[in-house]
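Residue-level structure breakdown
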Amino acid sequence: MAAKQEIKLEIQDLTKIFGRRRKEAQKLLENHHSKDEILEKTGCTVGVNKASLKIMKGEVFVVMGLSGSGKSTLLRCLNRLIEPTSGKIILDGIDITNVELEKLRQIRRTEMSMVFQHFGLLPHRTVASNVSFGLEIQGVKENECRKKALDVIGTVGLDGYEDMMTGELSGGMQQRVGLARALATDPEILLMDEAFSALDPLIRRNMQDELIDLQEKVHKTIVFITHDLDEALKLGDRIAIMKDGLIVQIGTPEDILTNPANDYVKAFVEDVDSSKVITASAIMFKHPERIMDPKDGVGLAIRVMKKNGINCLPVTDSNNNFEGYVHIDTVVKHKKEGGHTLEGIIDPEVPKCLPDTPIADLLPLVISSDLPIAVVNSKGKLEGIVSKPSVISEITGEDVELQEKTVEEE
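Report on the accompanying structure. (Residues numbered from 1 in each chain as written. Predicted model: local features only at pLDDT ≥ 70, side-chain atom pairs only at ≥ 80, totals over all residues. Heavy atoms only, no water.)

1. Examining the overall build of the protein
- Assigned secondary structure in the protein consists of 17 helices and 15 strands.
- Its C-alpha atoms give the protein principal-axis dimensions of roughly 85 × 60 × 40 Å.
- Here the protein, with 410 residues, has 48% of them falling under the buried criterion.
- Across the protein, the fraction of contacts at a sequence separation of at least 24, relative to all contacts at a separation of at least 6, is 63%.
- When the accessible surface of the protein is totalled, it reaches about 21,100 Å², and 48% of it is carbon and sulfur.
- On the protein, the mean spot of the 51 positive side-chain charges and the mean spot of the 65 negative ones are 7 Å from each other. (Helix = DSSP H or I, 4+ residues; strand = E, 2+ residues; numbered from the N terminus. Buried < 20%, exposed > 50% of the residue type's maximum accessible area, 1.4 Å probe, protein only. Contact = heavy atoms within 4.5 Å. Areas by Shrake-Rupley, 256 points an atom, 1.4 Å probe, with all protein chains shown as cover. Lys, Arg positive; Asp, Glu negative; His and termini not counted. Charge placed at Lys NZ, Arg CZ, Asp CG, Glu CD.)

Pasting the structure below:
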């Protein structure tokens, strides 16, 4: 059984209204007036409209939307750089909406760090000095600041640049410095506001890859703001899509692509190549017809294949380690030769993939073999089976039926 995910950060009915007549505007909002109507009647702007969401520990949660959708306002409410008009912000089970200023400062120093779009570096300081800035504010001793700064500089791939001035670095390297500075205080949560949008496209893609690799090492809870759907789909474990201050859908990349909540989301995703986003885990059979054990009898394997009209079966040991497939011809032959169990006739040379393999990458496996694809995790455990028709259907968008010969017991 999978471990229950821990909620790291939660917001409940969070609202932010800008303007002098906020109370009047909030009453109109509660009476379901639109953002434009409220602006016309009160001169107030609704930045965030009763947003509610839960962010799990260790996940990359992406908030995306067009300019003016409220995504950056929402992010800044999380650490109260912008004070919410109403609602709750719950960090590790504690409502921090009304905590005193000193406690809030402590949270910003130790719990949440922010990475900005335009880097926000101190030009008169070196790379190492920029990275250690947050540690200095915490009162960490100079030699310890330097040591921690050098460690995190290595983590983001800037070894050798620690004593250079930030103005001597490229945009991508400057953003790495900003990321290193955020990581130096070892925060639980990283808040990243359009962190890569100021970079050239190639550098931006590289930084996205760097962040994915970095997250494999540091396992932070990351809230990432972007207006770019491709970036959201690439980085996000889950995505919240915003429009006019409202959260209109929350889901995994697969959820967003395959089940858009409304026409607005549907328009967003209609030009996306889903085969590069939807993964094997989304289309696999999690519970194949029957999983065999090497000690199972040959007669049982033949009966299962005959009943289900299939020509092979997956085999795992008692710890669910995937060993391969048994094929009907081999099993029948083995039975005729006096064999009793499946031991010794398991074929390990079968198509395999990881659960997060994009469907587009499964196509070569489908072309090169008639066997179903075994979905195996990094520890070699079987998680499911992907059939050839399901891959073709997802790529072409058409239903495919594959006639497999029915097994007859000989």
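2. Describing the pattern of salt bridges
- Going through the model one piece at a time under the given rule, you end up with 18 salt bridges.
- Residue Lys 234 is joined to Asp 209 by a salt bridge in which the shortest nitrogen-to-oxygen separation is 2.7 Å. Pair noted here: Lys 234 is in helix H10 (residues 229-235) and Asp 209 is in helix H9 (residues 201-218), with a separation of 25 residues, a long-range link.
- When its relative accessible area of 33% is taken as the criterion, Lys 234 is described as partly exposed. (Salt bridge = Lys/Arg side-chain N within 4 Å of Asp/Glu carboxyl O.)

3. Section: a nonpolar patch on the surface
- On the surface, Leu 363, Ile 367 and Ile 395 cluster together into a nonpolar patch covering about 260 Å² of accessible area.
- If you trace the backbone, Ile 395 turns up in helix H17 (residues 388-396). (Patch = residues over 30% accessible without salt bridge, like charges linked within 9 Å, V, L, I, M, F, W, Y side chains within 5 Å.)

4. Structural notes on helix H14 (residues 298-308)
- Every buried residue belonging to H14 is among Val 298, Gly 299, Ala 301, Ile 302, Val 304 and Met 305, and all of these are buried.
- In this fold, the buried residues of H14 make contact with strand S11 (312-316), strand S12 (322-327) and helix H15 (328-336).
- Backbone geometry just downstream of H14 places Gly 309 in the positive-phi region, at approximately 65 degrees.

5. Observations concerning the nonpolar core
- Grouped together as the largest cluster of nonpolar side chains are 58 residues, with contacts concentrated most on Val 131, Met 192, Phe 224 and Val 386.
- Examining the composition of this core, we find that seven residues originate from one element, helix H8 (residues 171-184), more than from any other.
- Those residues in contact with Val 131 that sit more than four places away from it in its chain are Ala 149, Val 152, Ile 153, Val 177, Ala 180, Arg 181 and Ala 184.
- Leu 53, Val 63, Leu 74 and Ile 107 belong to the second-largest nonpolar core, a separate cluster that totals 28 residues. (Core = buried A, V, L, I, M, F, W, Y, C linked by side-chain atoms within 4.5 Å.)

6. Topic: the pairing of strand S1 (residues 7-18)
- Alignment of S1 against strand S2 (residues 45-56), held across eight bridges, turns out to be antiparallel. In the strand pairing of S2, Ile 7 is matched with Met 56.
- Relative to strand S4 (residues 86-91), S1 runs antiparallel, the two being bridged by five bridges. Looking at S4, one finds that Leu 9 is bridged to Leu 91. (Pairing = 2+ DSSP bridges.)

7. Concerning the sheet that holds strand S14 (residues 373-376)
- Pairing is mixed across the open sheet formed by three strands, whose spatial order is S13-S14-S15. Two strands lie at the open edges of the sheet, namely strand S13 (352-353) and strand S15 (382-386), each paired on one side alone.
- Of the strand pairs in this sheet, S13 and S14 are connected by two bridges, and their pairing is parallel. Residue Cys 353 lies in a different strand from S14, and its bridge partner there is Val 375.

8. Remarks on H17
- Among the residues of H17, Pro 389, Ser 390, Val 391 and Ser 393 are the ones counted as buried.
- Contacts made by the buried residues of H17 are with helix H13 (280-283), helix H16 (363-368) and S15.

9. Some words on the environment of Tyr 325
- Tracing the chain through its elements places Tyr 325 in strand S12.
- Of note is the side chain of Tyr 325, whose polar atom sits 2.8 Å from the backbone oxygen of Pro 372. (Polar contact = N/O pair within 3.5 Å; in protein donor to acceptor, adjacent residues only side chain to side chain.)

10. Quick look at the packing of helix H1 (residues 22-30) against helix H2 (residues 35-42)
- At a minimum axis distance of 10 Å, the contact between H1 and H2 shows a crossing angle of 150 degrees. The handedness of the crossing between H1 and H2 comes out as right-handed. Where H1 approaches H2, its residues Glu 24, Ala 25, Leu 28 and Leu 29 are matched on the opposing element by Ile 38, Lys 41 and Thr 42.
- Grouping the constituent residues of the contact of H1 with H2 by class yields four nonpolar, one polar and two charged. (Axes fitted to C-alpha atoms, helices over the stretch in contact; angles between N-to-C directions. Left-handed = near helix turned anticlockwise from the far one by under 90°. Nonpolar A, V, L, I, M, F, W, Y, C, P; charged D, E, K, R; others polar.)

11. Considerations on the packing of aromatic side chains
- The final tally for this structure, using the stated rule, is three aromatic pairs.
- An angle of 85 degrees between the planes, with centres 5.2 Å apart, marks the rings of Tyr 264 and Phe 268 as edge-to-face. With a gap of four residues between them, Tyr 264 and Phe 268 both fall in helix H12 (residues 263-269), about one helical turn apart.
- Ring centres of Phe 322 and Tyr 325 lie 5.8 Å apart, and the angle between their planes is 80 degrees; this geometry places the pair in the edge-to-face category.
- Overall, Phe 322 belongs to the buried group, its relative accessible area being 13%. (Phe/Tyr/Trp six-rings, centres within 6.5 Å; stacked < 30°, edge-to-face > 60°.)

12. Re unusual backbone geometry
- Backbone geometry places Lys 50, a non-glycine residue, at a positive phi of 50 degrees.
- Assessed through its relative accessible area of 38%, Lys 50 is described here as partly exposed.
- Positioned with a positive phi, Asn 320 is a non-glycine residue whose angle comes to about 65 degrees.
- Note on placement: Asn 320 falls in the loop between S11 and S12.
- Here Asn 320 falls in the partly exposed class, since its relative accessible area comes to 28%.

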